[in-house]
Amino acid sequence: MNNIDRRNFIRKTSLAGAALAVSPAMAQVGFDSTERPFGSKYMGDFAAPKLTKVKAAFIGVGARGPEHMKFFASLPGTEVVAICDLYQDLTQKWTQEAKDIGNGTRHKNIVQYHGDENQWKTMLKEVKPDVVFIATNWKNHAPMAIEAMRQGAHAFVEVPIAITLEEMWGIVNTSEQTQKHCMMMENVNYSRDELMFLNMCRQGIIGEFLHAEASYIHELRFQMEEQERGTGSWRTHHYANRNGNLYPTHGLGPVAQYMNLGRSEDTFDSLVSFSTQALGRKLYAEKNYPTDHKWNKLDYKGGDLNTSIIKTHLGRTVMVQWDETSPRPYSRLNLIQGTKGVLAGFPTRIALEGGVEGITENHHSWVQGEQLAAIYEKYDHPLYKRLNQATKNSGHGGMDGMMIYRIVECLQKGLPLDQNVYEGCLWSAVSPLSERSVASNGTPQQFPDFTRGNWKHTKPLAIIT
């Protein structure tokens with residue numbers, strides 16, 4: 001679902017209409033109203049009724065979707081019931097893959113939808129899946145998630161959950177009204193180091209939280225080769241037309257959960273943001289494509305690197321950076337500073353006041369490299385210990401499989417999900433707020449409270465065993 005025509009999409013799909021059409025009561029409430037519509041339910045600690053067999057449909061099987069589908073299909077108590085994409089060759093390929101995984105016992109009656117850009121709507125009405133996995137162009141995330149919930153399915157959405165605050169409120173209102181999960185699939189929260197840091201933070205190893213750093217530094221100019229199909233065919237236009245942090249959640253999600261942001265202890269308050277000049281994409285296009293190529297006809301407005309600073313309700317700070325253009329190594333920063341020490345990533349390293357017993361004498365030296373073996377032995381998250389072997393061959397070093405495993409496990413056992421709808425919106429809200437701040441020369445922007453005050457009573461994410 002990578003190339004939905006923009007004009008037709010805008011004409012045919014009204015996000016506000018989809019969000020507000022859930023009920024007449026909801027239509028009377030503004031997107032950012034502190035009043036929860038009649039009949040709605042707060043979803044922070046929501047646990048849906050158990051699903052013995054989880055029947056799933058997949059929208060978008062071009063890049064991320066196939067990885068989710070393959071691991072989902074391998075889990076017991078699952079059934080792939082439908083696959084939808086613009087391209088028939090993709091639906092055919094991944095339908096056959098699911099059937100092969102099922103080995104003649106499961107995934108036998110998969111319905112394929114392709115061709116027309118609105119086939120996903122037909123699929124939702126005809127198949128009625130329990131859950132829908134959405135891995136499409138960012139612009140499609142909100143309308144697809146909203147409609148999936150309206151049709152009775154839990155929605156699991158690739159990052160970001162949406163691109164405007166209005167869309168995020170539409171998702172929140174629909175989830176609360178339908179009492180269906182809508183989880184943004186932030187896979188990095190299941191990475192080994194991020195899980196270990198969460199475990200160490202919960203044990204108070206670094207004391208009271210002061211500051212965190214998060215990023216998505218990932219040079220992706222090569223995606224501009226994907227010009228008709230694939231991520232670059234639509235993502236390049238975002239780089240040209242938007243100026244801010246377009247992809248904040250991979251680094252931000254984990255540090256937000258370390259600090260219990262949006263979960264009883266603290267939450268985001270405001271943000272300031274600045275971008276560098278927009279040079280890299282333009283230079284890359286000039287170097288690699290003919291003068292009359294469509295990439296050389298774009299006016300690249302988005303700065304190559306964006307830096308945003310978030311202030312929390314308690315006065316903590318979080319620095320968030322984004323750069324998918326500059327030639328440099330990959331990093332998510334993944335730093336959390338406390339009153340007793342610091343945990344940091346890329347490379348992974350730790351320093352504690354008084355030193356780490358048996359390794360360092362004080363906080364002026366890092367524990368890193370081979371020295372970390374003792375830290376992993378002592379502080380590896382129990383979820384990682386339990387699922388590492390079962391998920392290690394899945395995408396991104398096993399984190400993708402662990403995420404899908406936990407989604408299925410929570411649905412089958414009737415447990416709250418590890419990430420709630422408000423977290424997906426809170427983390428994704430950095431994008432539109434950073435765009436507003438950059439456009440106003442760094443003017444602070446207030447975060448909306450998608451929980452309507454209920455974050456104060458939402459349980460912190462437990463150390464799941």
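Here the structure is shown first, and the text comes after it.
Residues numbered from 1 in each chain as written. Predicted model: local features only at pLDDT ≥ 70, side-chain atom pairs only at ≥ 80, totals over all residues. Heavy atoms only, no water.

Caption draft 1: Representation of the packing of aromatic side chains within the structure. What the rule picks out here adds up to 15 aromatic pairs. A centroid spacing of 5.8 Å and a plane angle of 70° characterise the contact between F58 and F72, whose relative ring orientation is edge-to-face. Within this pair, whereas F58 is found in strand β1 (residues 54-59), its partner F72 is found in helix α4 (residues 65-74), the two being separated by 14 residues in sequence. F72 carries the same exposure label as F58, and that label is buried. For the pair W169 and F450, a centre-to-centre distance of 5.0 Å together with 50° between the ring planes defines the contact as tilted. You can see W169 sitting in helix α8 (residues 165-178) and its partner F450 sitting in the segment after β15 (445-446), a full 281 residues away along the chain. Of the two residues examined, W169 and F450, each falls in the buried class. Cluster of aromatic residues (ring-pair linked, three or more members): W138, Y216, W234, Y247, Y330 and F346. A cation sits over an aromatic face here: R192 above Y376, 4.0 Å from the ring centre. Positioned above the aromatic ring of Y247, the side-chain terminus of R235 is 4.5 Å from the ring centre. (Phe/Tyr/Trp six-rings, centres within 6.5 Å; stacked < 30°, edge-to-face > 60°. Helix = DSSP H or I, 4+ residues; strand = E, 2+ residues; numbered from the N terminus. Buried < 20%, exposed > 50% of the residue type's maximum accessible area, 1.4 Å probe, protein only. Lys NZ or Arg CZ within 6 Å of the ring centre and 35° of its normal.)

Caption draft 2: Geometry of the packing of helix α11 (residues 249-258) against helix α16 (residues 421-428). Interaxial distance between α11 and α16 falls to 10 Å at its minimum, and their mutual angle equals 125°. Between α11 and α16, the interaxial angle falls into the category oblique. When you trace α11 past α16, the crossing you get is right-handed. Where α11 approaches α16, its residues T249, L252, G253, A256 and Q257 are matched on the opposing element by E423, W427 and S428. Among the residues forming the contact of α11 with α16, the class breakdown is three nonpolar, four polar and one charged. (Axes fitted to C-alpha atoms, helices over the stretch in contact; angles between N-to-C directions. Parallel < 35°, antiparallel > 145°, perpendicular 65-115°, else oblique. Left-handed = near helix turned anticlockwise from the far one by under 90°. Contact = heavy atoms within 4.5 Å. Nonpolar A, V, L, I, M, F, W, Y, C, P; charged D, E, K, R; others polar.)

Caption draft 3: Up close: the sheet that holds strand β2 (residues 78-84). Reading across from one edge, β3-β2-β1-β4-β5-β6 is the order of the six strands in this open sheet, with parallel pairing throughout. Each edge of the open sheet carries a strand with a single partner, namely β3 (111-113) and β6 (182-184). Each neighbouring strand pair of the sheet contributes to a mean axis angle of 20°, computed without reference to strand direction. Relative to β2, β1 is paired through six bridges, and the arrangement is parallel. Within β2, the residue paired with V54 across the bridge is T78. (Pairing = 2+ DSSP bridges.)

Caption draft 4: Focus on helix α7 (residues 138-150). The element α7 is largely enclosed, with a buried count of eleven among its 13 residues. Taken together, the buried positions of α7 are W138, N140, H141, A142, P143, M144, A145, I146, E147, A148 and M149. With its phi angle positive at about 95°, G152 sits one or two positions after the end of α7.

Caption draft 5: Layout of the sheet that holds strand β10 (residues 317-323). If you trace the nine strands from one edge of the open sheet to the other, you get β14-β13-β12-β11-β7-β10-β9-β8-β15, paired in mixed fashion. Lying at the two open borders of the sheet, with one neighbouring strand each, are β14 (367-368) and β15. One ladder, built from seven bridges, connects strand β7 (residues 209-217) with β10; its direction is parallel. Directly across from H211, in β10, lies its bridge partner T317.

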